[in-house]
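Observations on the model geometry
Below are the chains, spelled out letter by letter.
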Amino acid sequence: MKKMRSFLIGIFAVFSGSTAMKAQDIYMSIPENNIFNRSEFTSVPTRVMTNANRTNWDYAFFGLLPTAPTFTSVSGPTFTHSSSSLTLPSSTLLWQLESMGGQLPATGYSGALPGFQSFSTSAIKWFEPPSISVGGGFNKGNINFTFKIPASQFTANAFRAGNYSMDITQNYNDFTPRNFKTILVIPSSIRWITNSLTKYIEISSLNDYRNTSTRVWDLGNTEIANTVDFNFWAKAAATTVQFTSSKGVPGTRNIASIKLGSNGSSLTTKALSSDFQNFSAANFSVGAGNRNSFIPQLSVSADDFKNFFFEAGTYTFELNFNAASTDNSINSLQNTAVQLKVLPLSEITIPSSGRNVNFNFNTASQYTDGQSQMIPNQIMLSNNESFELYVKSDENYFKKGGLQTSINSNILQIGVDGSSVNAVLSKTPQKILFNGTPVLDKGLNIRYTISPASAQSLVGKENTTYSINVYYSFTAI
């Protein structure tokens, strides 16, 4: 008989402990429209926890004292930004239970659903169970909450792009997760809120060109909403200002004669060019309300304004603006069309010292040789169009004591110094300056002549004073 051999084989089973469920963090993406428009944000029902087992609350002392479910912040009283020192107060985000397993739990006679609340470092009840266990329970399944951010919070706080988080713990072991983060996700964005798309400037006075101060025009309030820091870039669409004269003649002006700045310290003042330049005095940061406001201004020196923008007509150019994030990953463009209209302007003034021109006939030579007088700067002339200058008298005859005489106005000839033209004075306007170009406050020396023949025609006239009024006028060409 064969001997049987027996073997004892040890079988060992190793059991590990149950794997803890990973925390289900709550990510709340806040649309930029709510941030920039400062309008209330309300979420869809959002799962915060899951209940796989329970259908009733914890009760002590024979089912008479319920344990209310609570949330507690264990990371402090504020939401903390992930990559900066910025925080948001806990009051920024409000929440309220929406459902447990598809519907709200029963309240019985003494239970209650609290209104919207915010997280705190103290335990905050998110439901008030009935005072006795037979008052009702709840369904298994997802535990959903509704979240909101009031409009006032968007006005009061700065929402920088990135994540703001707060660590939360809850007190029911059967609700999972036991600990989680509530995270507000802020998008990276820049948006123009207000900006004037057109700017119309009208010049209707010659005094604008006599002013020795720099001419400044504001472009209206500019408001830019942002969740990231940005710089303000600008350029002109072309290297020149397009000009059309009042007579329809085209031309150009150098865009560099115009500068861009602001009414405060927001922008540095620089000459415009057709290349983008950063006009920011410093980065525009993310501030409370997520908006930056300033007033861009155009300026032209007094000399450049007089030299380049005096002629009557329309000057037009386009400005291209770009609010660009400091890392140039986000750009927000805006354009403004600028039109400067200079109305036709003209003015003739005669200084009081030049209002009277006197011819005295006291000697024989004055009758035989005639007389001529040059009145320096008798006319101060301004005209921003090409022009012709005319002269005429109010009557065809000189007067004596207000009464007409037989001395004809044509004994007097009038001309401009430097011109060979001598117009015979009459009631009909006579041209004495041809093809005049735009001028400002130009003094003209006026020449008055009584020829020998005309002087001799005065022989025998009564010794007295004869007068006639002389008028000067413009005609645009």
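Residues numbered from 1 in each chain as written. Predicted model: local features only at pLDDT ≥ 70, side-chain atom pairs only at ≥ 80, totals over all residues. Heavy atoms only, no water.

Some remarks on the domain arrangement of the chain
- On domain assignment, one finds that the chain holds domain 1 (17-186), domain 2 (190-344) and domain 3 (347-476).
- Relative placement of domain 2 and domain 3: their C-alpha centres are 49 Å apart.
- With 12 residues of domain 2 at the interface, the matching set in domain 3 holds 10 residues.
- Of the roughly 860 Å² buried at the junction of domain 2 and domain 3 (both faces included), carbon and sulfur atoms supply 59%.
- Contact with domain 3 buries surface across domain 2, with L206, R210 and F310 losing the most and accounting together for 56% of the total.
- Seen at the junction of domain 2 and domain 3, the total is three salt bridges.
- Here E347 and R210 are joined by a salt bridge, their closest N and O atoms 2.7 Å apart.
- Counting across the domain 2 and domain 3 interface gives six residue pairs in polar contact (both at pLDDT 80 or more).
- Split into classes, the residues belonging to the side of domain 2 that touches domain 3 amount to seven nonpolar, one polar and four charged. (Domains from an automatic or database assignment. Contact = heavy atoms within 4.5 Å. Buried area = accessible area lost by both parts, 1.4 Å probe. Salt bridge = Lys/Arg side-chain N within 4 Å of Asp/Glu carboxyl O. Polar contact = N/O pair within 3.5 Å; in protein donor to acceptor, adjacent residues only side chain to side chain. Nonpolar A, V, L, I, M, F, W, Y, C, P; charged D, E, K, R; others polar.)

Focus: the sheet that holds strand β17 (residues 215-218)
- The strand order across the open sheet formed by four strands is β17-β26-β22-β23, and the pairing between neighbours is antiparallel. Two strands lie at the open edges of the sheet, namely β17 and β23 (270-271), each paired on one side alone.
- Bridging between β17 and strand β26 (residues 296-300) involves four bridges; their strand directions are antiparallel. Looking at the pairing, V216 lines up with S299 of β26. (Pairing = 2+ DSSP bridges. Helix = DSSP H or I, 4+ residues; strand = E, 2+ residues; numbered from the N terminus.)

Describing the pattern of salt bridges
- One pass over the structure, following the stated rule, counts 15 salt bridges.
- A salt bridge links R210 to D441; the nearest nitrogen and oxygen atoms lie 2.9 Å apart. Taken together, the positions of R210 in helix α3 (residues 207-210) and D441 in strand β37 (residues 439-450) put the pair 231 residues apart, joining distant regions of the chain.
- Take R210: its relative accessible area is 29%, and that puts it in the partly exposed class.
- Of the charged contacts in the structure, one is a salt bridge between E385 and K247, with a shortest N-O distance of 3.6 Å. Of the two residues, E385 is situated in the loop between β30 (371-383) and β31 (387-393) and K247 in the loop between β20 (240-245) and β21 (250-254); the sequence distance between them amounts to 138 residues.
- Because the salt bridges share partners, they merge into one network encompassing R54, D58 and D174. (Buried < 20%, exposed > 50% of the residue type's maximum accessible area, 1.4 Å probe, protein only.)

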